[in-house]
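# Tertiary structure, described
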Amino acid sequence: MTQPAIELRGVAKSFGKNLVLRDVSLAVEPGKTFAFLGRNGEGKTTTIRMLLGLTKPDVGLIRVNGIDPMASPLELRDHVGYLAEDQTMYGWMRVDEIVRFVAPFYTKWDHELARKYLEEFDLPLRTKIKHLSKGQTVRLGLVLALAHRPEVVILDDPALGLDPIMRKQFNRDLITHLQGEGRTVFYSSHLLYEVEPVADEVAILDGGRIVRRAETEELRDDVKQFFVAPRYEPLVERFGEILDRRVDSEELAITTARAEAVAEALRREGVTPQAMDLSLDEIFEAYVAGQRGKTAPPPIAEDPQELADAS
Ligand SMILES: Nc1ncnc2c1ncn2[C@@H]1O[C@H](COP(=O)(O)OP(=O)(O)OP(=O)(O)O)[C@@H](O)[C@H]1O
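Just so it is clear, the model here is predicted, and its values are computed rather than measured.

### Observations regarding the nonpolar core
- Ile-98, Trp-109, Leu-140, Phe-170, Tyr-187 and Tyr-287 are the most contacted members of the largest nonpolar core, which totals 54 residues.
- Residues Leu-21, Leu-51, Phe-186 and Ala-203 belong to the second largest nonpolar core, which totals 25 residues.

Right under this line is the structure:
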């Protein structure tokens, strides 16, 4: 087996009494774009800081291109490009100045590539950073993260704060400049739909663990919502991993991660399964905020007429 580009094994991390990561294990194959998803505060940035050797795990093993980030932080720099969630740069520097400033930190800096990216991203060389738009700042961050041709690129919610058009543009830039060159991308986000167009695989972090890891197509096939009479709840419980359940008038709406098994079990009972495809956002929500344990009360109608109709 080839060495994974990124590997975490049994990683845990607490801050005081706050147990943020309980037991995180994952391996990313070289050349893949891996989306690391979780709600705000779930520990995505903490994981990334550990990959960069900035935070020490309490227990567990971390390797990036086979390098232990805590033991060899300098060696790691040459192999990794990093774009932070709120890239802060010296506002008084001009675009060309920051590129000249950052280049000597890397032994493999490619001046020609930096020049090419600056041109392709349409960045104004003589403009001060504080006068760049949010979109231009993110693109400049990308130039600084990529011009040393790192094998592994780590992006921490990079499109946060960009408008939808700019987010799409950012993803297009990623596809053009990273995936074409076979680099490994670790893309952290709290929005599944945002990373879906570029991700080969997604992992969902919740409660300090990876609760699901899959290709996006596989997720769509596996996770569906079924509408069944309440008496079939135990059957669905037996055959499907329940992620969410809600009462919807006379029926139960159950979201399961084993759609095929549930459909088959219902068919065996002579019931034609009513399965609904879910959007990626709904799938993500089911994993991180679903009502698994007990039947949730019906949603409260906000419209007074709806309330009157329901009574
Ligand atoms: N240095 C620190 N000291 C104490 N607590 C910390 C520290 N760093 C992170 N935390 C806590 O760890 C938890 C996870 O934070 P983290 O920034 O890793 O989450 P995240 O998933 O990246 O969130 P977001 O999407 O909001 O950036 C939070 O409760 C945060 O307050």
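Don't stop here, the text continues.
### Some words on the pattern of salt bridges
- One pass over the structure, following the stated rule, counts 22 salt bridges.
- A salt bridge links Arg-115 to Glu-119, with the nearest nitrogen and oxygen atoms 2.8 Å apart. Separated by four residues within a single helix, Arg-115 and Glu-119 lie in helix H4 (residues 111-120), roughly one turn from each other.
- Residue class for Arg-115 comes out partly exposed when judged on its relative accessible area of 42%.
- Judged by its relative accessible area of 58%, Glu-119 is exposed.
- A salt bridge links Arg-245 to Glu-237; the nearest nitrogen and oxygen atoms lie 3.2 Å apart.

### A few points about helix H3 (residues 95-102)
- By the burial criterion, the buried members of H3 are Val-95, Asp-96, Ile-98, Val-99 and Val-102. Seen along its axis, H3 keeps its buried residues to an arc of 165 degrees; they face one direction.
- As for H3, its buried residues are in contact with H4 and helix H5 (134-146).

### Considering the UniProt feature "domain: ABC transporter" (unreviewed entry) in the chain
- What UniProt calls "domain: ABC transporter" (unreviewed entry) maps, in this numbering, to residues 6-232.
- Helix and strand shares over residues 6-232 are 31% and 29% respectively, and the end C-alpha atoms of the span are 43 Å apart.

### Looking at the side chain of His-190
- Mapped onto the elements of the fold, His-190 is located in the loop between strand E7 (184-189) and helix H7 (192-195).
- Separated by 3.0 Å, the side chains of His-190 and Asp-157 make a polar contact.
- Not counting chain neighbours up to four residues away, the residues in contact with His-190 comprise Gly-38, Asn-40, Lys-44, Asp-157, Leu-160 and Phe-284.

### Structural notes on the site of the ligand
- Surveying the vicinity of the ligand reveals the residues Phe-15, Asn-18, Val-20, Arg-39, Asn-40, Gly-41, Glu-42, Gly-43, Lys-44, Thr-45, Thr-46 and Glu-85.
- Glu-42 has a polar backbone atom sitting 3.1 Å from an oxygen atom of the ligand.
- Contact distances for the ligand include 2.9 Å between an oxygen atom and a side-chain N or O atom of Lys-44.
- Summarising the interface, the protein chains cover 59% of the accessible area of the ligand, which totals 640 Å² for the free molecule.
- Taken together, the residues of the shell around the ligand sort by class into two nonpolar, six polar and four charged.

### Looking at the packing of aromatic side chains
- Enumeration over the complete set of coordinates arrives at seven aromatic pairs.
- Centre to centre, the rings of Tyr-90 and Trp-92 are 5.8 Å apart; their planes meet at 40 degrees, and the pair counts as tilted.
- Since its relative accessible area comes to 55%, Trp-92 is described here as exposed.
- Between Phe-101 and Phe-105, the aromatic rings sit 5.7 Å apart at their centres with planes inclined by 85 degrees, giving edge-to-face as the arrangement.
- Using a relative accessible area of 58% as the deciding quantity, one classes Phe-105 as exposed.
- An aromatic cluster of three or more residues is present, and its members are Tyr-90, Trp-92, Phe-101 and Phe-105.

### Here's the deal with the environment of Pro-234
- Topologically, Pro-234 is positioned in helix H9 (residues 233-239).
- Here Pro-234 falls in the exposed class, since its relative accessible area comes to 54%.
- The sequence separation of Pro-234 and Gly-38 amounts to 196 residues, and the corresponding C-alpha distance is 30 Å.

### Brief notes about the environment of Ile-62
- Positionally, Ile-62 belongs in strand E4 (residues 59-64).
- Here Ile-62 falls in the buried class, since its relative accessible area comes to 5%.
- As a C-alpha pair, Ile-62 and Leu-52 span 10 residues in sequence and 9.8 Å in three-dimensional space.
- Non-local contacts of Ile-62, meaning those with residues more than four positions away in its chain, are made with Glu-7, Leu-8, Val-11, Met-50, Leu-51, Pro-57, Ile-67, Asp-68 and Pro-69.

Analysis parameters
- Counting of residues starts from 1 at the beginning of each chain's written sequence and follows it residue by residue.
- With the structure being a predicted model, the display of local features is reserved for residues of pLDDT at least 70 and the display and counting of side-chain atom pairs for 80 or more, all residues being used for whole-chain, interface and lining totals.
- Derived side-chain values reflect all non-hydrogen atoms in the structure, with water molecules and hydrogen atoms excluded from consideration.
- As used in this record, nonpolar core signifies buried Ala, Val, Leu, Ile, Met, Phe, Trp, Tyr and Cys residues forming a set joined through side-chain atoms within 4.5 Å.
- A 1.4 Å probe rolled over the protein chains alone gives each residue an accessible area, and that area as a share of the maximum for its type sets the label: buried under 20%, exposed over 50%, partly exposed in between.
- Take a side-chain nitrogen of Lys or Arg and a carboxyl oxygen of Asp or Glu: if they are within 4 Å of each other, that pair is a salt bridge.
- The helix and strand labels rest on DSSP assignments: H or I over at least four residues marks a helix, E over at least two residues marks a strand, and numbering proceeds from the N terminus.
- The arc in question is the one spanned by the directions pointing from the helix axis to the C-beta atoms.
- In this analysis, two residues are considered to be in contact whenever any of their non-hydrogen atoms come within 4.5 Å of each other.
- UniProt positions are given in the numbering used here, feature names are shortened, and annotations may be inferred rather than shown by experiment.
- Whenever a nitrogen or oxygen atom comes within 3.5 Å of another N or O atom, the pair is scored as a polar contact, on the condition that within protein one atom can donate a hydrogen and the other can accept it, and that pairs from neighbouring residues in sequence are kept only if both atoms are in side chains.
- Any residue with a heavy atom positioned within 4 Å of a molecule or strand is treated as near that molecule or strand.
- A 1.4 Å probe and the Shrake-Rupley method give the accessible areas. Residues count as covered only by the protein chains that appear here.
- Each residue is assigned to one class: nonpolar for Ala, Val, Leu, Ile, Met, Phe, Trp, Tyr, Cys and Pro, charged for Asp, Glu, Lys and Arg, and polar for all the others, Gly among them.
- Two rings from Phe, Tyr or Trp (for Trp, the six-membered ring) form a pair when their centres are within 6.5 Å of each other. A pair whose planes differ by under 30 degrees is stacked, one over 60 is edge-to-face, and the rest are tilted.

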